[in-house]
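Single-letter residue listing:
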Amino acid sequence: MSDVSADQTADGQNAPVRFRSVLERFVAYKPGKVVVSPEGRSFKLSSNESPHGPLPSVQEAVERAARDVNRYPDNNATALIEAISAKYGVPAAHVAVGCGSVGVTQMLLAAVAEPGAEIVYAWRSFEAYPLLVGLSGATSVQVPLREEAHDLDAMAEAINENTRLVFVCNPNNPTGTVVRRAELEAFLDRVPADCLVVLDEAYREYVRDEEVPDGLTLYRDRPNVVVLRTFSKAYGLAGLRIGFVVGHPKVAEAIRKTYLPFSVNSIAQAAGVASLAATGELMDRVEGTVKERERVRDALLAAGWTVPTTEANFVWLRLGERTMEFSAACDARGVSVRPFPGEGARVSIGSPEENDEFIAVAEAFPHRN
Ligand SMILES: *Cc1c(COP(=O)(O)O)cnc(C)c1O
């Protein structure tokens with residue numbers, strides 16, 4: 001095998017592998033990039049992460065778990081599921097975990113999607129949806145946002161007998177907008193009982209609008225509704241990859257069957273348990289981020305920007321054709337944001353210092369939106 005040159009291998013001539021045609025439509029995932037200012041400063045506001053490192057108690061749990069990595073993880077994530085069950089007041093049989101909520105999303109699709117099936121979601125919304133729907137072989141049905149928010153009437157109308165799953169991202173990534181209880185309940189009433197509704201609540205801990213329902217109060221009477229949560233945002237464990245879903249036991253059971261064995265690793269499980277034990281400290285941090293969010297938005301409004309009310313840990317600036325110009329202006333000061341070319345930029349709430357830097361760029365930018 002050693003005399004096969006890299007070139008021969010790379011051009012595929014010796015290996016005419018047939019790939020799924022769906023792969024041709026995909027571009028590789030672009031991670032939030034790291035940019036550095038001329039002074040060597042770098043502020044990463046592109047991926048909605050927590051600006052805080054792990055709490056000492058969580059770090060300790062990680063270090064302890066690291067001593068046992070010669071062993072396989074608990075495939076049932078028993079302690080983690082017990083801790084989630086206790087924290088949220090739901091039976092353990094209602095919970096399924098996965099490798100980040102992206103991993104859980106893939107599990108949900110593996111449980112219900114197949115060629116011919118349709119998956120409905122708002123657009124623009126979370127970028128993982130089209131990717132994972134495409135990989136599942138099902139068809140994406142994207143319903144445009146109205147005034148930066150879910151158009152639940154249009155989404156209900158987009159549902160037909162082929163629809164197997166609907167995502168409702170609440171608050172919506174990247175616009176930060178929410179759907180409130182009355183409109184969400186009216187929507188759920190219109191969804192056929194055999195169609196799964198996924199309430200993606202990745203940013204639930206940042207919500208302060210009391211009219212926004214906690215999905216955990218909605219799923220109990222509705223067997224086709226599941227609630228998706230993550231440890232990546234408020235819990236500050238984006239690098240460890242833990243997400244979970246709460247639903248009726250039959251649904252949770254079906255979802256668990258699609259789990260890639262051992263994909264929530266043992267360090268992640270230990271860190272998840274330790275984080276749930278430190279919820280108070282973590283929610284204090286979230287409160288700080290919420291205060292900063294309001295400060296950032298107020299500063300942008302004062303500078304003449306239009307910024308939708310946001311209930312998440314980011315703000316959305318609809319910039320249209322000026323999006324990349326704005327993103328470049330941020331890059332030049334070492335602030336990385338998440339641009340969607342031709343649409344707008346999403347900017348995470350970071351530490352006060354990082355937010356000040358972003359505000360300074362926005363104030364100096366020659367155009368408003
Ligand atoms: C960040 C985010 C998630 C979390 O993904 P993980 O895989 O858990 O890191 C899920 N849903 C939405 C809408 C998000 O923005």
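Just above sits the structure.
Remember, it's a predicted structure, so these values are computed and weren't measured experimentally. (Residues numbered from 1 in each chain as written. Predicted model: local features only at pLDDT ≥ 70, side-chain atom pairs only at ≥ 80, totals over all residues. Heavy atoms only, no water.)

**As for a nonpolar patch on the surface**
Residues Val17, Phe19 and Leu23 make up a contiguous nonpolar surface patch of roughly 310 Å² in combined accessible area. For Val17, the location among the structural elements is in the loop between helix H1 (6-10) and strand E1 (43-44). (Patch = residues over 30% accessible without salt bridge, like charges linked within 9 Å, V, L, I, M, F, W, Y side chains within 5 Å. Areas by Shrake-Rupley, 256 points an atom, 1.4 Å probe, with all protein chains shown as cover. Salt bridge = Lys/Arg side-chain N within 4 Å of Asp/Glu carboxyl O. Helix = DSSP H or I, 4+ residues; strand = E, 2+ residues; numbered from the N terminus.)

**Considerations on the sheet that holds strand E5 (residues 163-169)**
In space, the seven strands of this open sheet follow the order E2-E8-E7-E6-E5-E3-E4, with mixed pairing throughout. Every other strand in the sheet has two partners, leaving strand E2 (95-98) and strand E4 (139-144) as the edge strands with one partner each. Averaged over neighbouring strand pairs, the angle between their axes works out to 25 degrees when direction is ignored. Relative to E2, helix H3 (residues 78-88) is tilted by about 125 degrees, and along the sheet it contacts E2, strand E7 (225-230) and strand E8 (243-246). (Pairing = 2+ DSSP bridges. Axes fitted to C-alpha atoms, helices over the stretch in contact; angles between N-to-C directions. Contact = heavy atoms within 4.5 Å.)

**Considerations on the site of the ligand**
The environment of the ligand is made up of 13 residues, and the closest members are Tyr203, Thr230, Ser232, Lys233 and Arg241. Asn173 is positioned with one of its side-chain polar atoms (N or O) 2.8 Å from an oxygen atom of the ligand. A distance of 2.6 Å separates an oxygen atom of the ligand from a polar side-chain atom of Tyr203. Look at the ligand: alone it shows 390 Å² of surface, and the protein chains cover 93% of it. (Near = heavy atom within 4 Å. Polar contact = N/O pair within 3.5 Å; in protein donor to acceptor, adjacent residues only side chain to side chain.)

**Comments concerning empty space enclosed by the protein**
Within the structure shown, the criterion is met by one cavity of 30 Å³ or more. Taken as a whole, the largest cavity spans an internal volume of roughly 110 Å³. In terms of lining residues, the largest cavity is bounded by 18 residues, among which Ser50, Ala234, Gly236, Leu282 and Arg285 are the most central. In terms of residues, the lining of the largest cavity owes the most to one element, helix H10 (residues 279-302), which gives four residues. Residues of the lining of the largest cavity, tallied by class, amount to ten nonpolar, six polar and two charged. (1 Å grid on protein atoms, 1.4 Å probe; cavity = no way out; pocket = protein on both sides within 12 Å on 5 of 7 lines; lining within 4 Å. Points joined across faces, edges and corners; volume = space filled by probe spheres on them. Nonpolar A, V, L, I, M, F, W, Y, C, P; charged D, E, K, R; others polar.)

**A closer look at the pairing of strand E12 (residues 344-348)**
Most of E12 is tucked away, with five of its five residues classed as buried. Burial along E12 is two-sided: Gly344, Arg346 and Ser348 and Ala345 and Val347, pointing in opposite directions, are all buried. Strand direction decides the pairing type here: strand E9 (residues 314-318) and E12, joined by five bridges, are antiparallel. Looking at the pairing, Leu317 lines up with Ala345 of E12. As defined by bridge partners, strand E11 (residues 338-340) adjoins E12 across three bridges and the pair is classed as antiparallel. The residue bridging Phe340 from the neighbouring strand is Gly344, located in E12. Connecting the antiparallel pair E11 and E12 is a turn made up of three residues, with Gly342 showing a positive phi of about 80 degrees. (Buried < 20%, exposed > 50% of the residue type's maximum accessible area, 1.4 Å probe, protein only.)

**Notes on the pattern of salt bridges**
Between side chains of opposite charge, pairing is possible as soon as their charged atoms come close. For the structure shown, the criterion picks out 22 salt bridges. With a shortest N-O distance of 3.4 Å, Arg146 and Asp151 are connected by a salt bridge. For Arg146, a relative accessible area of 53% puts it in the exposed group. Between Glu294 and Arg293 there is a salt bridge, and its shortest N-O distance comes to 2.9 Å. Since its relative accessible area comes to 32%, Glu294 is described here as partly exposed. Overlapping salt bridges, with partners in common, bring together Glu39, Arg41, Arg333 and Glu357 in one network.

Functional significance is not addressed by these values, which are geometric in nature.
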